[in-house]
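Inside the fold
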Amino acid sequence: MDLKEIDELKQSNIDLKAKIDKMDKEAREREEILFRQSRLASMGEMLGNISHQWRQPLMEIAALLMKVETRVVYENKIDIDFISEVMLEINTVLKYMSDTIDVFRNFYSDEKNKEKILASEIINSVEHMLGTSIKQSEIKYEVCLNRDIYFKIYKNEFLQVLINIINNAKEILLIRKIKEPKILLEVSENTEYTMISISDNGGGIKTNDISTIFKPFYTDKANGTGIGLFISKVIIEKKHNGRVAVDNYLQGARFIIKIKKD
Ligand SMILES: Nc1ncnc2c1ncn2[C@@H]1O[C@H](COP(=O)(O)OP(=O)(O)OP(=O)(O)O)[C@@H](O)[C@H]1O
Ligand SMILES: [Mg+2]
């Protein structure tokens, strides 16, 4: 090889490196766009959920006010104890409604740092965002939390992952019209990881190669985008140095999210 050839080789190496860098950058940009799309898609869904979440408490307040009306107007009784008891109940319901709004509002705020969040708090936020829609679908939703533990996470992104997975479970249970539909969320830990698993009894994942469900745009739903699980995997693996795995287990699918402890 003469000097000229070596120079050419060097140059083509440099060109190649530039090309790879450019491709890397483009891939990152594509991921970022999908990431935002997925947030927006869940935002639309979430707006629907706020109204679901509020319907029940609004009805509770209306019922409580009716109790007062019956006493005061029809029975002509003003019973201070009764009234303060009702006021207390109304306040509890209003607090719940206001917490729901906070959960939704925080969900769309940016977050710079990971935080240590208790599993119970994460579960409480999930309940505020999805609880009613799950109840309305008549799905039995259970949480198994033997010991409250901390997760070091970007809370909103982590919530987004849980919401994606739980919504998928809910959709499968409804699409396949499963009798006695169930979703179970379990929190656990070992020496290395904190973990949350989400399992359902929806009949499991039907692809030959189960890992394809994490590929971008893989969907078997008429109006699905197929980015939910892809983004979930990116969030857990790239931003939390964690793992997300799935298997068919008992009567359905089980997703396990593992976050490395410090
Ligand atoms: N719990 C589950 N049980 C069975 N199959 C599932 C389950 N969760 C996901 N899948 C399969 O994985 C596919 C990909 O899920 P993903 O959330 O990425 O997209 P999608 O739900 O189809 O679309 P979108 O999230 O945009 O509505 C689903 O279409 C479904 O076939
Ligand atoms: Mg989905």
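Our structure's up above, just so we're on the same page.
Read on for a plain summary of the structure. (Residues numbered from 1 in each chain as written. Chains lettered and ligands numbered in written order. Predicted model: local features only at pLDDT ≥ 70, side-chain atom pairs only at ≥ 80, totals over all residues.)

A word on the overall build of the protein chain. For the protein chain, the count of helices and strands is five helices and seven strands. Its helices and strands taken in sequence order, the protein chain reads α-α-β-α-β-β-α-β-β-α-β-β from the N to the C terminus. Rg of the C-alpha trace for the protein chain: 24 Å, well past the compact-globule value of 18 Å for 262 residues, more than 25% over. With the C-alpha coordinates aligned to their principal axes, the bounding extent of the protein chain is approximately 110 × 40 × 40 Å. Residue pairs in contact within the protein chain that sit at least 24 positions apart in sequence constitute 72% of those at least 6 positions apart. (Helix = DSSP H or I, 4+ residues; strand = E, 2+ residues; numbered from the N terminus. Rg over C-alpha atoms; globule rule 2.2 N^0.38 Å. Contact = placed C-beta atoms within 7 Å.)

Another aspect to go through is the site of ligand 1. By nearness alone, 21 residues border ligand 1, and Thr 219, Gly 224, Thr 225, Gly 228 and Leu 229 come closest of all. At the level of secondary structure, the elements contributing two or more residues to the shell around ligand 1 comprise helix 4 (155-175) and helix 5 (228-240). At four residues, helix 4 tops the list of elements feeding residues into the shell around ligand 1. Counted by class, the shell around ligand 1 contains nine nonpolar, nine polar and three charged residues. (Near = placed C-beta within 6 Å. Nonpolar A, V, L, I, M, F, W, Y, C, P; charged D, E, K, R; others polar.)

Turning our eyes to something else, we now look at the packing of helix 4 against helix 5. To characterise two packed helices, one gives the angle between the axes of the helices and the distance between these axes. Between helix 4 and helix 5, the shortest axis-to-axis distance is 9 Å and the interhelical angle comes to 145°. Crossing angle aside, the handedness with which helix 4 passes helix 5 is left-handed. Counting all contacts with helix 4, which are made through Glu 157, Gln 160, Val 161, Asn 164, Ile 165 and Asn 168, the residues of helix 5 involved are Gly 228, Leu 229, Ser 232, Ile 235, Ile 236 and Lys 239. For the contact of helix 4 with helix 5, a count of residues per class yields five nonpolar, five polar and two charged. (Axes fitted to C-alpha atoms, helices over the stretch in contact; angles between N-to-C directions. Left-handed = near helix turned anticlockwise from the far one by under 90°.)

Tracing the sequence through the fold places Ile 117 in strand 1 (residues 115-118). With 17 C-beta atoms counted inside 10 Å, the residue Ile 117 sits in the partly exposed group. On a C-alpha basis, the gap between Ile 117 and Asp 7 in space is 55 Å, while along the polypeptide they are 110 residues apart. In this structure Ile 117 touches Ile 122, Tyr 150, Phe 151, Ile 153 and Lys 155, once residues within four positions along its chain are discounted. (Buried ≥ 20, exposed ≤ 12 C-beta atoms within 10 Å, placed from the backbone.)

Let us look at helix 5. Its 13 residues give helix 5 an end-to-end C-alpha distance of 17 Å, which sits within 8% of 18 Å, the value for a rise of 1.5 Å per residue. Along helix 5, 10 of the 13 residues are buried, which leaves the element largely enclosed by surrounding structure. Looking at helix 5, one finds that the buried residues are Gly 228, Leu 229, Phe 230, Ile 231, Ser 232, Lys 233, Val 234, Ile 235, Ile 236 and His 240. Close packing links the buried residues of helix 5 with helix 1 (3-74), strand 3 (150-153), helix 4, strand 6 (243-249) and strand 7 (252-260). Backbone geometry just after helix 5 places Asn 241 at a positive phi near 50°. (Expected span 1.5 Å × (residues − 1).)

In this section: the nonpolar core. If you look at the biggest cluster of nonpolar residues, it comprises 40 residues, and the most contacted ones within it are Leu 162, Ile 166 and Ile 198. Every residue in contact with Ile 166, bar those within four places of it in the chain, is listed here: Val 126, Leu 130, Ile 183 and Ile 198. (Core = buried A, V, L, I, M, F, W, Y, C linked by C-beta atoms within 7 Å.)

Within the fold, Ile 235 resides in helix 5. What makes Ile 235 buried here is the crowd of 23 C-beta atoms within 10 Å. C-alpha of Ile 235 to C-alpha of Phe 35: the two residues are 200 residues apart in sequence and 9.0 Å apart in space. Leave out the neighbours within four places in its chain, and Ile 235 touches Glu 157, Gln 160, Val 161 and His 240.

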